[in-house]
Amino acid sequence: MLVVDKGKSVGGRLASRSFESAIFDYGAQFMTAREPTFLEQVNTWIAEGTAELWFRGHPGRSENHKRWRGIPNMRELANSLVGSLNINTARQVLKIAVQQDQWKVEFKDGSLMHANNVLLTPPVPQSIEIIDRGDTKLSQNQRRRLQKLTYDPCIAVMAVLEEPSKIPSPGMLVPDHDDIDWISDNMKKGVSKLPSVTIHASSDFSETHFNADRNEVGTKIINLSKSWLGAPVKHFAIHRWRYSKPRCVDAERFMLIQHNPTLMIAGDAFAGPRVEGAFLSGSTAAEALMAHIENY
Ligand SMILES: Cc1cc2nc3c(=O)[nH]c(=O)nc-3n(C[C@H](O)[C@H](O)[C@H](O)COP(=O)(O)OP(=O)(O)OC[C@H]3O[C@@H](n4cnc5c(N)ncnc54)[C@H](O)[C@@H]3O)c2cc1C
């Protein structure tokens with residue numbers, strides 16, 4: 001089995017990076033576990049020191065879910081799953097097409113590979129592009145279901161501060177503001193040694209400003225957040241998530257496009273717009289694929 005990812009490292013939206021010597025979680029900020037299967041995985045991460053409880057509940061909501069964070073950061077959760085898997089990073093799939101009862105996988109760098117079974121887990125619009133470029137026919141029903149799975153964008157600002165922010169412990173804030181959804185203090189969270197914050201703009205703001213100049217949109221988001229930060233910004237960078245969270249979720253945990261050669265699609269749009277949804281969809285699809293291979 002081979003896992004291919006276009007990113008420089010695994011993790012996708014479980015994203016963490018350094019910038020100007022500070023460290024940022026700039027995609028998913030925490031995970032919740034509503035189903036026993038995922039809770040088991042969270043407990044494994046806790047036992048191996050890769051996750052810990054960050055806080056409980058959510059400002060403005062009545063629920064009291066536990067919210068865990070990755071240690072030292074969110075990307076580490078994905079890294080810890082790599083184990084002995086054969087993984088190619090920085091390798092982008094361009095298209096897939098059936099050729100002599102196998103999938104011919106074509107990469108952006110021009111290289112080719114053949115596979116009996118393919119499981120696609122990019123955000124659904126990107127999976128559709130990969131399939132369409134290879135002229136694989138989706139049934140009307142499959143295309144209709146897949147096209148319903150649209151996503152909210154999110155512009156994330158990573159800002160290094162001159163001094164610690166005034167965001168209270170445990171380092172998260174949900175401002176009552178139309179344009180700003182979330183602010184994390186990466187230092188209070190335990191991710192960064194230097195004072196730094198991650199600011200997530202709202203989906204409406206992100207949609208309107210998605211293609212705006214990086215510097216202008218970053219400055220705008222920082223100005224909107226100034227009163228909560230309480231410390232001057234030294235440096236900032238932005239990341240544009242075109243596909244941040246699915247707006248709706250398919251009724252099935254994954255989609256079987258066809259058998260022999262087999263093609264499946266999975267990801268958070270099939271089990272919930274969260275880390276847990278991605279895990280449940282991916283693991284259910286993988287189990288179904290393994291069962292099919294054994295019985296074939
Ligand atoms: C800003 C933001 C905040 C969030 N906050 C939270 C939160 O606090 N809690 C929570 O539970 N969830 C949160 N989420 C959602 C959560 O991150 C996702 O639901 C989950 O990580 C999705 O996982 P996935 O595997 O389905 O997709 P992804 O993580 O998007 O993985 C898809 C992978 O496919 C790769 N890929 C794409 N196209 C190609 C290609 N052509 N060739 C090769 N590889 C390709 C990508 O590089 C990526 O690694 C947040 C997401 C964002 C963006």
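What counts and how
Residues numbered from 1 in each chain as written. Predicted model: local features only at pLDDT ≥ 70, side-chain atom pairs only at ≥ 80, totals over all residues. Helix = DSSP H or I, 4+ residues; strand = E, 2+ residues; numbered from the N terminus. Rg over C-alpha atoms; globule rule 2.2 N^0.38 Å. Buried ≥ 20, exposed ≤ 12 C-beta atoms within 10 Å, placed from the backbone. Contact = placed C-beta atoms within 7 Å. Pairing = 2+ DSSP bridges. Axes fitted to C-alpha atoms, helices over the stretch in contact; angles between N-to-C directions. Near = placed C-beta within 6 Å. Nonpolar A, V, L, I, M, F, W, Y, C, P; charged D, E, K, R; others polar. Domains from an automatic or database assignment. Core = buried A, V, L, I, M, F, W, Y, C linked by C-beta atoms within 7 Å. Bend = angle between axes of the 7 residues up to and from the residue. Parallel < 35°, antiparallel > 145°, perpendicular 65-115°, else oblique.

Re the overall build of the protein
Inference 1: When its secondary structure is counted, the protein shows eight helices and 17 strands.
Inference 2: For 296 residues, the compact-globule estimate of 2.2 N^0.38 gives 19 Å, and the protein sits close to it at 20 Å.
Inference 3: Principal-axis analysis of the C-alpha atoms places the extent of the protein at approximately 60 × 45 × 35 Å.
Inference 4: Buried positions account for 36% of the 296 residues belonging to the protein.
Inference 5: For the protein, the proportion of contacts with a sequence separation of at least 24, taken over those separated by at least 6, is 64%.

Let's talk about the sheet that holds strand E8 (residues 102-107)
Inference 1: One open sheet accounts for three strands, arranged E7-E8-E9; its pairing is antiparallel. Looking at which strands have only one partner, the edges of the open sheet turn out to be strand E7 (93-99) and strand E9 (112-115). Going across the sheet, the axis of each strand differs from the next one's by a mean of 25 degrees, ignoring polarity.

Notes on the site of the ligand
Inference 1: Lining the immediate surroundings of the ligand are 32 residues, of which Gly12, Arg13, Pro122, Arg274 and Ala278 lie closest.
Inference 2: Secondary-structure elements contributing two or more residues to the shell around the ligand are helix H3 (124-133), strand E11 (151-161), strand E15 (233-246) and helix H8 (275-295).
Inference 3: Looking at side-chain class alone, the shell around the ligand contains 15 nonpolar, eleven polar and six charged residues.
Inference 4: Structurally, the shell around the ligand is a two-domain feature, drawing no fewer than three residues from each of domain 1 (16-82 + 151-246) and domain 2 (92-149 + 248-295).

Things to note about the nonpolar core
Inference 1: In this structure, Ile155, Ala156, Val157, Ala159 and Ile199 are the most contacted members of the largest nonpolar core, which totals 64 residues.
Inference 2: Per element, the largest residue contribution to this core is nine residues, and it comes from E11.
Inference 3: Apart from the residues within four sequence positions on either side, Ala159 is in contact with Ser196, Val197, Ile199, Ile222, Val233 and Phe236.

Topic: the domain arrangement of the protein
Inference 1: According to the domain assignment, the protein contains domain 1 (16-82 + 151-246) and domain 2 (92-149 + 248-295).
Inference 2: On a C-alpha basis, the centres of domain 1 and domain 2 stand 29 Å from each other.
Inference 3: Taken together, the contact between domain 1 and domain 2 spans 13 residues of the former and 13 residues of the latter.
Inference 4: At the level of elements, helix H1 (36-47) and E15 are the ones that each hand at least two residues to the side of domain 1 that touches domain 2.
Inference 5: Class assignment of the residues belonging to the side of domain 1 that touches domain 2 gives a composition of seven nonpolar, three polar and three charged.

Here's the deal with the sheet that holds strand E12 (residues 172-173)
Across a sheet, paired strands are connected by hydrogen bonds in the backbone, their directions being either parallel or antiparallel.
Inference 1: One open sheet accounts for five strands, arranged E12-E13-E14-E11-E15; its pairing is antiparallel. On the outer flanks of this sheet lie E12 and E15, each paired with one strand and no other.
Inference 2: Note that E11 and strand E14 (residues 196-201) share five bridges and pair antiparallel. Across the sheet, the residue bridging to Ala159 is Val197, located in E14.
Inference 3: This element, helix H7 (residues 214-229), spans E11, E12, strand E13 (180-185), E14 and E15 of the sheet and lies at about 70 degrees to E11.

Some words on unusual backbone geometry
Inference 1: With omega at 10 degrees, the peptide bond leading from Ser169 into Pro170 counts as cis.
Inference 2: Positionally, Pro170 belongs in the loop between E11 and E12.
Inference 3: Of note, the bond from Asn260 into Pro261 is cis; its omega dihedral lies within 30 degrees of zero at 0 degrees.
Inference 4: Tracing the backbone through its elements, the reader meets Pro261 in the loop between strand E16 (255-258) and strand E17 (262-265).

Description of the pairing of E9
Inference 1: As judged from the four bridges shared by E8 and E9, these two strands associate in the antiparallel manner. Residue pairing in the sheet places Trp103 in a bridge with Ala115 of E9.

Describing H7
Inference 1: Along its length, H7 shows its largest kink, about 35 degrees, at Asn223.
Inference 2: Those residues of H7 lying buried are Val217, Gly218, Ile221, Ser225 and Leu229.
Inference 3: In the core, the buried residues of H7 are packed alongside E11, E13, E14, helix H6 (203-209) and E15.

Observations regarding the packing of H1 against H8
Inference 1: Relative to each other, H1 and H8 sit at 110 degrees, their axes nearing to 10 Å. With respect to H8, the axis of H1 lies roughly perpendicular. Facing Thr37, Phe38 and Gln41 of H1, the residues of H8 in contact are Glu276, Phe279 and Leu280.

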